[in-house]
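# Structural overview for review
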Amino acid sequence: MDSTLPAVAEELLKEIKKAFQETSHGTDTFSFRLKFIFGPSAVPALDLVDQRSVTRVVSPSGRTAYQVLGSSGKLYTCYSSCHFCTCPAFGFTVLQKSESLLCKHILAVYLSQAMGACQELTVSEEQLTSILLAEEEDEG
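Summarised in this report is the structure supplied together with it. Bear in mind the structure is a predicted one, so any value in this text is a computation, not a measurement. (Residues numbered from 1 in each chain as written. Predicted model: local features only at pLDDT ≥ 70, side-chain atom pairs only at ≥ 80, totals over all residues. Heavy atoms only, no water.)

## Concerning the overall build of the protein
Note the following rule: Segments assigned H or I by DSSP are reported as helices when at least four residues long, segments assigned E as strands when at least two residues long, and all are numbered from the N terminus. In this scheme, a residue with accessible area under 20% of its type's maximum is buried, one over 50% is exposed, and one in between is partly exposed, where area comes from a 1.4 Å probe on protein chains only. Residue exposure ignores everything except the shown protein chains as possible cover, and the areas themselves are Shrake-Rupley values with a 1.4 Å probe.
Along the protein, the regular secondary structure elements total 6 helices and 5 strands. Every one of the 140 residues in the protein was classed for burial, and the buried ones make up 42%. On the protein, roughly 7,700 Å² of surface is accessible, and the fraction owed to carbon and sulfur atoms is 53%.

Rendered as structure tokens:
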């Protein structure tokens, strides 16, 4: 994980990763703490992970982004390196109102990393560029 989250959130994600590596399960043990730290994003994020909705997209140069298939059926691009998601909830509740640490999509990315539950997709540099530019076109 990167240092974009508060230390308590980072520590919880590390504990989940350790528990999952040791026992191949463990989110039940941490559900109360997840809800306490991440609020209403916790349960929907766990649902996204359970549905295998998180895909790590990697190019040959090593550039990485994540795509999360949201509950609405829309695909959102997330960047764990800078703690950002393209969904409207991230823009509104995280950036504008500061009501939440993150949206359910970026939390699903962090949880799927911790649990080893990411789908993997290798794409060309051009394909990754198209994925990233498609987000800009949607916004513009």
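## A word on the nonpolar core
Selection rule: Each nonpolar core is a collection of buried residues, namely Ala, Val, Leu, Ile, Met, Phe, Trp, Tyr and Cys, held together in the definition by side-chain atoms within 4.5 Å. A contact between two residues is defined here by any heavy atoms of the two lying within 4.5 Å.
Counting residues in hydrophobic clusters, the biggest one holds 36 residues, and the most contacted among them are Ile16, Leu34, Phe38, Cys85 and Leu111. Looking at this core, the elements that each hand over two or more residues are α1 (7–23), α2 (27–38), α3 (42–50), β2 (64–69), β3 (75–79), α4 (88–96) and α5 (104–115). Among the elements that make up this core, the one with the highest residue count is α5 (8 residues). Here Leu34 is in contact with Leu12, Ile16, Gly39, Ala42, Leu46 and Leu111, once residues within four sequence places are set aside. Ranked by size, the runner-up nonpolar core spans 6 residues in total, among them Val57, Tyr79, Val123 and Ile131.

## A closer look at the packing of aromatic side chains
Under the convention used in this document: Aromatic rings from Phe, Tyr and Trp, taking only the six-membered ring of Trp, are treated as a pair when their centres fall within 6.5 Å; an angle between ring planes under 30 degrees marks them as stacked, one over 60 as edge-to-face, and anything in between as tilted.
Inspection of every chain in the model, using the stated rule, returns 3 aromatic pairs. Relative to Phe90, the ring of Phe84 lies with its centre 5.2 Å away and its plane at 80°, an arrangement referred to as edge-to-face. Judged by its relative accessible area of 1%, Phe90 is buried. Three or more aromatic residues link up through ring pairs in this structure, and these residues are Tyr79, Phe84 and Phe90.

## Thoughts on the pairing of strand β1 (residues 54–58)
Cut-off, in case you're wondering: Pairs of strands are assigned from DSSP output, requiring at least two bridges between the strands.
Among the 5 residues of β1, 4 are classified as buried, and the element is accordingly described as predominantly covered. What sits between the antiparallel neighbours β1 and β2 is a turn of 5 residues, in which Gly62 has the positive phi angle 95°. The pairing of β1 with strand β5 (residues 119–122) spans 4 bridges and is classified as parallel. What sits directly across from Val58, in β5, is Thr122.

## Comments concerning the side chain of Ser41
Note that Ser41 resides in the loop between α2 and α3. Since its relative accessible area comes to 10%, Ser41 is described here as buried. Discounting chain neighbours no more than four positions away, the residues touching Ser41 are Ser100, Leu102, Cys103, Lys104 and Leu107.

Interpretation in functional terms is not warranted from these geometric data alone.
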